[in-house]
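Close look at the chain arrangement
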Amino acid sequence: MLLLVKRHKTTYFVEASQHDTVQKLKARISHILNKEKEPKELRLFFRPPKQTGLTPLEDAAVLEQVGVVDYDTLFLVYWINDGADGKWETVDVPPFEPLHDDMDATAAGGVDKGKAAA
Amino acid sequence: MADETAVSETVKLVSADGFEFVIDRKCAMASGTIKNMLSSPGQFTESLQNEIQFRDIKAVILERVCKYLYYKVRYTNVVQEIPEFVIEPEVALELLMAADFLDC
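Residues numbered from 1 in each chain as written. Chains lettered and ligands numbered in written order. Predicted model: local features only at pLDDT ≥ 70, side-chain atom pairs only at ≥ 80, totals over all residues. Heavy atoms only, no water.

In the annotation of an unreviewed UniProt entry, chain B is listed under the name Elongin-C and assigned to Polyrhizophydium stewartii. Under the UniProt heading Subcellular location (unreviewed entry), the entry covering chain B gives this text: "Nucleus". Quoted verbatim from the Sequence similarities (unreviewed entry) field of the UniProt record, the comment on chain B reads "Belongs to the SKP1 family." (UniProt positions renumbered as here; feature names shortened; annotations may be inferred.)

The name an unreviewed UniProt entry gives chain A is Ubiquitin-like domain-containing protein, with Polyrhizophydium stewartii as the organism.

Secondary structure assignment for chain B yields six helices and three strands. For chain B, the α and β elements follow one another from N to C terminus as α-β-β-α-α-α-β-α-α. Taking the intrachain contacts of chain B between residues at least 6 apart in sequence as the baseline, contacts between residues at least 24 apart amount to 59%. Carbon and sulfur atoms form 53% of the exposed surface of chain B, whose accessible area is close to 6,100 Å². (Helix = DSSP H or I, 4+ residues; strand = E, 2+ residues; numbered from the N terminus. Contact = heavy atoms within 4.5 Å. Areas by Shrake-Rupley, 256 points an atom, 1.4 Å probe, with all protein chains shown as cover.)

Of the residues lining the interface, 24 residues belong to chain A; the matching set on chain B comes to 24 residues. Across the interface of chain A and chain B, roughly 2,400 Å² is buried in total on both sides, 61% from carbon and sulfur atoms. The largest share of the area that chain A buries against chain B comes from A:Phe13, A:Phe96 and A:Leu99, three residues that together contribute 31% of it. In this assembly, chain A and chain B are joined by two salt bridges. On inspection of chain A and its partner chain B, the count reaches 11 residue pairs in polar contact (both at pLDDT 80 or more). Within the residue set of the side of chain A that touches chain B, elements represented by two or more residues are strand E1 (2-7), strand E2 (10-15) and helix H1 (22-32) of chain A. A class-by-class count of the residues in the side of chain A that touches chain B yields 13 nonpolar, four polar and seven charged. Two elements, E2(A) and strand E2 (residues 20-24) of chain B, share three bridges in a ladder whose sense is parallel. Following the sheet pairing, A:Thr11 is matched in E2(B) by B:Phe21. (Buried area = accessible area lost by both parts, 1.4 Å probe. Salt bridge = Lys/Arg side-chain N within 4 Å of Asp/Glu carboxyl O. Polar contact = N/O pair within 3.5 Å; in protein donor to acceptor, adjacent residues only side chain to side chain. Nonpolar A, V, L, I, M, F, W, Y, C, P; charged D, E, K, R; others polar. Pairing = 2+ DSSP bridges.)

Another aspect to go through is helix H6 (residues 89-102) of chain B. Three- or four-residue spacings in an α-helix give side chains the same orientation, since the helix completes a turn every 3.6 residues. Residues and elements named next belong to chain B. Look at H6: 20 Å from first C-alpha to last across 14 residues, which is about the 20 Å you get at 1.5 Å a residue. Leu95 marks where H6 bends most, by close to 30°. Lining the buried residues of H6 we find helix H3 (32-39) and helix H5 (59-75). Asp103 sits one or two positions beyond H6 and adopts a positive phi of about 55°. (Expected span 1.5 Å × (residues − 1). Bend = angle between axes of the 7 residues up to and from the residue.)

To continue, consider the pattern of salt bridges. Scanning the entire structure with this criterion turns up nine salt bridges over all chains. One salt bridge connects A:Arg28 with A:Asp20, and the closest N-O pair in it is separated by 3.6 Å. According to the relative accessible area criterion, A:Asp20 is buried, its value standing at 5%. The salt bridge involving A:Asp70 is made with B:Arg74; its shortest N-O contact spans 2.8 Å. In this pair, A:Asp70 is assigned in the loop between helix H2 (63-66) and strand E5 (73-82) and B:Arg74 in helix H5, connecting two distinct chains. (Buried < 20%, exposed > 50% of the residue type's maximum accessible area, 1.4 Å probe, protein only.)

So, about the nonpolar core. One finds A:Phe13, B:Leu13, B:Ile23, B:Ile34, B:Phe54 and B:Ile61 to be the most contacted residues of the largest nonpolar core, which totals 28 residues. Elements with a minimum of two residues in this core: E1 of chain A together with strand E1 (10-14), E2, helix H2 (25-28), H3, H5 and H6 of chain B. Sort the elements by how many residues they give to this core and H5(B) lands first, with seven residues. With sequence-adjacent residues up to four places away left out, B:Leu13 is seen in contact with B:Phe19, B:Glu20, B:Phe21, B:Ile23, B:Ile34, B:Ile52, B:Phe54, B:Leu62 and B:Cys66. Counting 21 residues, the second largest nonpolar core, distinct from the first, contains A:Met1, A:Val5, A:Val14 and A:Tyr78. (Core = buried A, V, L, I, M, F, W, Y, C linked by side-chain atoms within 4.5 Å.)

With that settled, the discussion passes to a nonpolar patch on the surface. Residues and elements named next belong to chain B. On the surface, Leu93, Leu96 and Met97 cluster together into a nonpolar patch covering about 340 Å² of accessible area. Structurally, Leu93 can be placed in helix H6. A residue is classified by how much of its surface remains accessible, and Leu93, at 56% relative accessible area, is exposed. (Patch = residues over 30% accessible without salt bridge, like charges linked within 9 Å, V, L, I, M, F, W, Y side chains within 5 Å.)

Below, the structure written as structure tokens:
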């Protein structure tokens, strides 16, 4: 199954099996990142359907059991090493820009404008 | 063993609004245009860094294109029933233009 792993303005398309563990997925992501980050420096979040909050994913969890399905989006954060302390980044994925600024209700209006001009 | 072969080289596609999409090189090649951009014999930035900027394609559309490229590769040469690739009307027009440009 295909998963979209997002962090800031980047989306990584990662193929995974439903029976894979979160740990295995992190290893794959680490590989895609050219080992810039070790799996233990990665943290994944999932937004279960019908919920607004994000659930952190444990390494041992199996994707299928967590409820992750094909084409789902997961959120990625890095561990920031700050000397002795360190912390996880906050999930920060900006929304895409809308396709059209004057869409939805005014879409039909836009089409008529052209005719009215004539 | 399966892990090593599953994670092949990746390609980065950048949308007009600065969003990046990292996909499998194999899936990127499913687009004729991207394939040509990456295989050009010259020393273009694209072929060197495996990164392509699409100044005319927005993130919403480019994300859908990437999903389609995976769908295409996954179901190529599959004879059983293939699930429909759903396209909402709002994105259909721009998606069509992008698909035409990308030859996929």
